[in-house]
Amino acid sequence: MAETKEVKKAKTTKKETVKKETVKKEATKKAVAKKTPAKKPVAKKETTKKEKVTKKSMQEYVDVINWKKWEAHHMDWLYIEINAGDLLLELESGVDNIKTCSEAIIDCMLEGDAFIVEPTKKADNTLTVRYYCDNLSPERKKYSE
């Protein structure tokens, strides 16, 4: 009988250790689940003054258009087409200066140059002009004359 008591004791101790291990695992799972992420403080919005945007002048647009015309002339191209929206995006992305850009495009037109898209309004992104670059002589009359 002494042997059976020892066997029973061994069995009970094994059960107790198994129970303790499962209880420990469950406790760690619950501890992980109970953790809540710390709330981050809400950042205050700072009011900053916007910098004044300096818009390009009409002369700067005219210079760029004439440079493009001379470049096309030296590459022996017959003509180039310039769109007001594209030119504005190229020089001043995000600035509303379409009126100055359109005026410069029209001012650079010489005799023989043609409107590809002539908008109904005077200043519009769709204004497109074809400049002929084969003869850029200063003797050519301006379109406005």
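Description of the structure in this document. (Residues numbered from 1 in each chain as written. Predicted model: local features only at pLDDT ≥ 70, side-chain atom pairs only at ≥ 80, totals over all residues. Heavy atoms only, no water.)

Overview of the overall build of the protein
Turning to step 1, where the next piece is worked out: Counting its secondary structure elements, the protein contains four helices and three strands.
Turning to step 2, where the next piece is worked out: The N-to-C order of helical and strand elements in the protein reads α-α-β-α-α-β-β.
Turning to step 3, where the next piece is worked out: Across the protein, the fraction of contacts at a sequence separation of at least 24, relative to all contacts at a separation of at least 6, is 65%.
Turning to step 4, where the next piece is worked out: Counting only carbon and sulfur atoms, one obtains 55% of the accessible surface of the protein, whose full area is about 12,200 Å². (Helix = DSSP H or I, 4+ residues; strand = E, 2+ residues; numbered from the N terminus. Contact = heavy atoms within 4.5 Å. Areas by Shrake-Rupley, 256 points an atom, 1.4 Å probe, with all protein chains shown as cover.)

As for the side chain of Thr100
Turning to step 1, where the next piece is worked out: Mapped onto the secondary structure, Thr100 falls in helix H4 (residues 98-107).
Turning to step 2, where the next piece is worked out: Accessibility expressed as a relative area gives 19% for Thr100, which makes it buried.
Turning to step 3, where the next piece is worked out: In this structure the side chain of Thr100 is engaged in a polar contact, spanning 2.9 Å, whose partner is the side chain of Asn97.
Turning to step 4, where the next piece is worked out: Ignoring any residue separated from it by four or fewer positions in sequence, one finds Thr100 in contact with Lys56, Ser57, Met58 and Tyr61. (Buried < 20%, exposed > 50% of the residue type's maximum accessible area, 1.4 Å probe, protein only. Polar contact = N/O pair within 3.5 Å; in protein donor to acceptor, adjacent residues only side chain to side chain.)

Considerations on helix H2 (residues 58-74)
Turning to step 1, where the next piece is worked out: With 17 residues, H2 extends 24 Å between its outermost C-alpha atoms, agreeing within 8% with the 24 Å of an ideal straight helix rising 1.5 Å per residue.
Turning to step 2, where the next piece is worked out: Residues of H2 that are buried: Tyr61, Val62, Ile65, Lys68, Lys69 and Ala72. The buried residues of H2 occupy an angular sector of 125 degrees when projected down its axis, which confines them to one face. Opposite its buried face, H2 presents the exposed residues Trp67 and His74, each directed more than 90 degrees away.
Turning to step 3, where the next piece is worked out: Contact partners of the buried residues in H2: strand E1 (79-83), helix H3 (84-91), H4 and strand E3 (128-132).
Turning to step 4, where the next piece is worked out: Asp76 sits one or two residues past H2 and shows a positive phi near 60 degrees. (Expected span 1.5 Å × (residues − 1). Arc of directions from axis to C-beta.)

Side note on the sheet that holds E3
Turning to step 1, where the next piece is worked out: Strands sit in the order E1-E3-E2 across an open sheet of three strands; the sheet is antiparallel. Two strands close off the open sheet at either side, each with one partner strand: E1 and strand E2 (114-117). When strand polarity is set aside, the average angle formed by the axes of neighbouring strands in this sheet is 30 degrees.
Turning to step 2, where the next piece is worked out: As judged from the three bridges shared by E2 and E3, these two strands associate in the antiparallel manner. For Phe115, the partnering residue across the bridge sits in E3 and is Val129.
Turning to step 3, where the next piece is worked out: Where H2 meets the sheet, it contacts E1 and E3, and its direction lies at approximately 155 degrees from that of E1. (Pairing = 2+ DSSP bridges. Axes fitted to C-alpha atoms, helices over the stretch in contact; angles between N-to-C directions.)

Coordinates in, geometry out; function isn't part of it.
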